[in-house]
Amino acid sequence: MTPRTMFEKIWDDHVVTGDDPALLYVDLHLVHEVTSPQAFSGLDLAGRSVRRPDLTLATVDHAIPTRARSLGIRDPQSKKQVDTLRKNTEKHGITFFGLDDPRQGIVHVVGPENGFTQPGKVIVCGDSHTSTHGAFGALAFGIGTSEVEHVLATQTLWQKRPLTMAVEFDGPLPHGVTAKDMILGMISQLGVSGGQGHVIEYRGDAIRGLSMEERMTVCNMSIEGGARAGMIAPDETTFAYLEGRPRAPKDAGWDAALEHWSGLATDDGARFDTTNHIDVAALVPHVSWGINPGQTAPITSSVPDPASFTDPAERDSVVRALQYMALKPGTPFTAIAIDHVFLGSCTNGRIEDLRNAAKVVAGRKVANGVSAVVVPGSMQVKAQAEAEGLSAVFEAAGFSWREAGCSSCLAMNDDVIPSGERCASTSNRNFEGRQGRGARTHLLSPAMAAAAAVAGHLVDVREWS
Amino acid sequence: MNPVSVISGRMVPLPHADVDTDQIIPKQFLTRTERTGYGDFLFHDWATTEDGIPSSDFFTNDPARQGARVLIAGRNFGCGSSREHAVWAIKDWGFDAVIAPSFGDIFRNNSVNVGLLTIELPDEIVSQLLDIARSPHAVVTVDLENQIVEAGDFAVEFEFDPGPKDRLLKGLDPIGLTLQEEEAISAHEARRPGWMSEAPGQ
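An account of the accompanying structure is given in this report. (Residues numbered from 1 in each chain as written. Chains lettered and ligands numbered in written order. Predicted model: local features only at pLDDT ≥ 70, side-chain atom pairs only at ≥ 80, totals over all residues.)

Further remarks concern the overall build of chain A. For chain A, the helix and strand inventory stands at 16 helices and 19 strands. For 465 residues, the compact-globule estimate of 2.2 N^0.38 gives 23 Å, and the C-alpha radius of gyration of chain A, at 21 Å, lies within 12% of that figure. On the principal axes, the C-alpha backbone points of chain A span a range of 55 × 55 × 45 Å. Buried positions account for 62% of the 465 residues belonging to chain A. (Helix = DSSP H or I, 4+ residues; strand = E, 2+ residues; numbered from the N terminus. Rg over C-alpha atoms; globule rule 2.2 N^0.38 Å. Buried ≥ 20, exposed ≤ 12 C-beta atoms within 10 Å, placed from the backbone.)

Have a look at this one:
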């Protein structure tokens with residue numbers, strides 16, 4: 001038999017009919033409040049029903065408050081969106097982790113931690129960071145609202161067959177360098193459209209050595225490199241993470257699942273359309289300086305000069321970025337003072353992220369004039385962090401400790417960064433206005449964000465340990 | 001969805017690369033539960049000052065650009081968030097086609113579903129169109145059936161996937177089409193391993 005990539009195996013397993021485009025079966029459909037109301041009303045209008053409510057999971061995350069939840073949602077439109085999702089899930093019999101559910105959280109944190117996310121599945125959600133679930137060896141990608149409606153009605157999607165790309169992270173990860181730095185480093189090298197039309201498989205020793213949560217951080221930002229999806233072959237780390245999770249297969253089902261999952265990895269000799277290598281030994285902590293995630297550089301360097309870019313479109317983009325970010329070429333990154341720190345998001349809002357940040361923060365104080373916030377990725381992450389004493393560490397240092405949600409990653413709720421102010425953020429996008437109109441975002445890892453909170457400016461966290 | 005065939009109208013040039021969907025429709029307009037009413041907020045933060053005053057130098061506020069039907073943009077247009085609201089906003093404002101060297105994958109899929117044409121042309125061709133589009137009077141014709149873009153003396157062929165092309169030309173309802181595959185979908189469901197369906201439920 002011809003050797004196949006993991007992507008090809010999962011694709012082949014899910015073709016209902018057709019070739020290119022193929023009609024793909026969806027094993028798990030994740031739904032949230034912002035991109036689903038128009039899909040449900042479209043179904044109603046056409047008199048259609050949800051084909052597989054049992055393969056659908058809904059929660060609220062994008063536009064909900066992260067404090068004073070007992071007061072409810074103050075913004076009437078956001079409240080209506082959340083109420084609409086509750087009604088839609090009740091009407092169609094869909095499992096719903098609502099605002100008062102201890103399992104509520106960011107959809108890409110909730111799916112994995114409850115065991116819904118499993119190797120070999122096709123997983124979709126009306127959210128571009130659905131690529132997160134690829135960390136388990138699933139084919140997971142973001143879709144728009146019309147496609148959400150299509151999946152609700154048919155449990156399938158027409159898909160053009162994407163190209164495949166291998167990204168080999170060769171060599172062991174240096175001390176003080178994290179999964180966030182691996183993916184930021186990759187995007188800065190390949191560019192924000194480097195993965196366009198491709199599904200990326202992350203491979204190599206450095207990937208194999210990552211925990212599940214670190215793998216999720218890597219796969220999460222596949223979309224920031226323009227890729228359709230990102231994935232990592234399932235292995236013992238994956239299986240150990242999944243075993244015993246509430247929705248993971250049990251007993252004989254577990255044994256059968258394990259057998260299937262163990263055969264998913266890319267066969268020796270399988271061909272990728274494109275292969276890229278990242279020299280892991282050369283990686284250092286990264287920080288973004290511009291208005292897209294490709295505009296990222298090692299913390300040890302300085303703000304680039306637009307004149308050093310030869311491509312006119314790129315130069316135009318750098319000029320605009322430096323203007324928006326109010327940065328001067330040649331400024332060392334460690335000289336950039338910050339006003340806010342946001343620790344959270346589907347990229348870096350999991351328990352290990354909070355542990356890594358707490359380690360840096362312990363016994364220290366947030367710098368004067370810096371507003372620092374921790375938003376756990378889910379209520380379960382929050383409860384665990386509280387049980388481990390992490391919340392106490394953050395609060396003693398002067399961080400605000402919040403309820404779970406997307407929060408300042410896209411600032412659809414009240415957690416808006418004011419115009420002209422600068423935020424060190426563990427999230428995934430530094431687009432103009434993303435964290436608030438006129439707000440300036442620097443993407444970095446949880447440990448780097450924690451260090452910046454204490455120092456009051458960007459720092460190389462390796463110098464602290 | 002209404003069928004799409006020939007689009008003829010004036011152009012707007014937007015010569016930046018990597019225009020993300022956060023710019024096309026900022027997050028503060030995503031709390032609505034309808035598919036319509038986004039046109040007034042297209043590129044909102046570029047189109048207004050922080051005090052909410054319309055920026056006279058942005059095309060949405062330029063009387064000469066009103067009624068334009070084709071947006072000419074830089075590479076990787078529509079990257080970022082999956083929000084279909086970005087496509088709804090572009091359509092609502094009046095555009096029926098966007099021409100760029102490349103598009104974000106999700107944005108392109110969303111566009112087919114909403115009936116917005118996304119035409120990919122090489123960098124140098126798009127540069128020529130950007131030049132022509134500097135005149136607010138210049139007219140372009142996008143012919144989907146024959147896969148041709150024409151603007152005065154300028155004419156170029158473009159590629160377009162046959163599946164989406166057929167759906168756009170006929171204005172087909174994709175869900176209705178897929179539901180005709182009921183037998184194949186049920187057969188696939190029968191083949192799925194039991195442990196895969198055990199999971200969800202209450």
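Moving on from the model shown.
Grouped together as the largest cluster of nonpolar side chains are 202 residues, with contacts concentrated most on A:Val341, B:Ile72 and B:Ile99. Among the elements that line this core, the one with the most residues is helix α16 (residues 446-455) of chain A, at eight residues. Leave out the neighbours within four places in its chain, and B:Ile99 touches B:Val70, B:Ile72, B:Ile119, B:Leu121, B:Val126, B:Leu129 and B:Val149. (Core = buried A, V, L, I, M, F, W, Y, C linked by C-beta atoms within 7 Å. Contact = placed C-beta atoms within 7 Å.)

So, on to helix α15 (residues 390-397) of chain A. All names here are of chain A. Looking at α15, one finds that the buried residues are Leu390, Ser391, Val393, Phe394 and Ala397. The buried residues of α15 occupy an angular sector of 160 degrees when projected down its axis, which confines them to one face. Where the residues of α15 are buried, they touch α13 (351-361), β16 (371-375), α14 (379-387) and β17 (400-401). (Arc of directions from axis to C-beta.)

Moving on to the interface of chain B and chain A. Many analyses report the size of an interface as the accessible area lost when the parts associate. Across the boundary between the two partners, chain B contributes 52 residues, which contact 67 residues of chain A. Contributions of two or more residues to the side of chain B that touches chain A are made by α1 (21-24), α4 (105-114), α7 (174-179), α8 (182-191) and α9 (194-198) of chain B. Counting residues per element, the side of chain B that touches chain A draws most heavily on α4(B), which supplies six residues. For the side of chain B that touches chain A, a count of residues per class yields 16 nonpolar, 20 polar and 16 charged. (Nonpolar A, V, L, I, M, F, W, Y, C, P; charged D, E, K, R; others polar.)

This part covers the sheet that holds strand β2 (residues 22-25) of chain A. Residue and element names in this part refer to chain A. Taken in spatial order, the three strands make up an open sheet running β1-β2-β8, and their pairing is antiparallel. Edge positions in the sheet fall to β1 (15-18) and β8 (156-159), since each of these pairs with one other strand and no more. Across the sheet, the mean angle from the axis of one strand to that of its neighbour is 25 degrees, orientation sign disregarded. Note that β2 and β8 share four bridges and pair antiparallel. Paired with Ala22 across the two strands is Gln159, which belongs to β8. (Pairing = 2+ DSSP bridges. Axes fitted to C-alpha atoms, helices over the stretch in contact; angles between N-to-C directions.)

Glancing now at unusual backbone geometry. Across the chain, the bulk of peptide bonds are trans and the bulk of non-glycine residues have phi less than zero. With an omega of 10 degrees, the peptide bond running from A:Asp20 to A:Pro21 counts as cis. The residue A:Pro21 is located in the loop between β1 and β2 in this model. For A:Asp251, which is not glycine, the phi torsion reads 50 degrees and is therefore positive. Inspection of the secondary structure assignment puts A:Asp251 in helix α10 (residues 251-262). With 9 C-beta atoms packed within 10 Å, A:Asp251 lands in the exposed category. Phi is positive for B:Asn76, which is not a glycine, with a value near 60 degrees. Assignment of secondary structure puts B:Asn76 in the loop between β2 (70-73) and α3 (85-93). Residue B:Asn76 is classed as buried on the basis of its C-beta count, with 27 C-beta atoms lying within 10 Å.

Let us look at the environment of B:Phe77. All names here are of chain B. When you line up the elements, Phe77 lands in the loop between β2 and α3. The class for Phe77 is buried, based on 28 C-beta atoms found within 10 Å. The residues contacting Phe77, other than those within four sequence positions of it, are Val19, Val98, Ala100 and Phe103.

All names here are of chain B. Pairing analysis gives five bridges linking strand β1 (residues 6-14) to strand β5 (residues 139-143), with the strands arranged antiparallel. Looking at the pairing, Val6 lines up with Asp143 of β5. Here β1 pairs with β2 via four bridges, running parallel. What sits directly across from Met11, in β2, is Val70.

A separate point is the packing of helix α6 (residues 179-190) of chain A against helix α8 (residues 212-220) of chain A. Residues and elements named next belong to chain A. The N-to-C vectors of α6 and α8 enclose an angle of 20 degrees; their axes lie 8 Å apart at closest approach. By the criterion of interaxial angle, the relationship of α6 to α8 is roughly parallel. When the axes of α6 and α8 are compared, the crossing they make is right-handed. For the pair formed by α6 and α8, the contact residues are Ala179, Lys180, Met182 and Ile183 on the first element and Glu214, Thr217 and Val218 on the second. Here the contact of α6 with α8 is built from residues that sort into four nonpolar, one polar and two charged. (Parallel < 35°, antiparallel > 145°, perpendicular 65-115°, else oblique. Left-handed = near helix turned anticlockwise from the far one by under 90°.)

Purely spatial values, then, with no claim about function.
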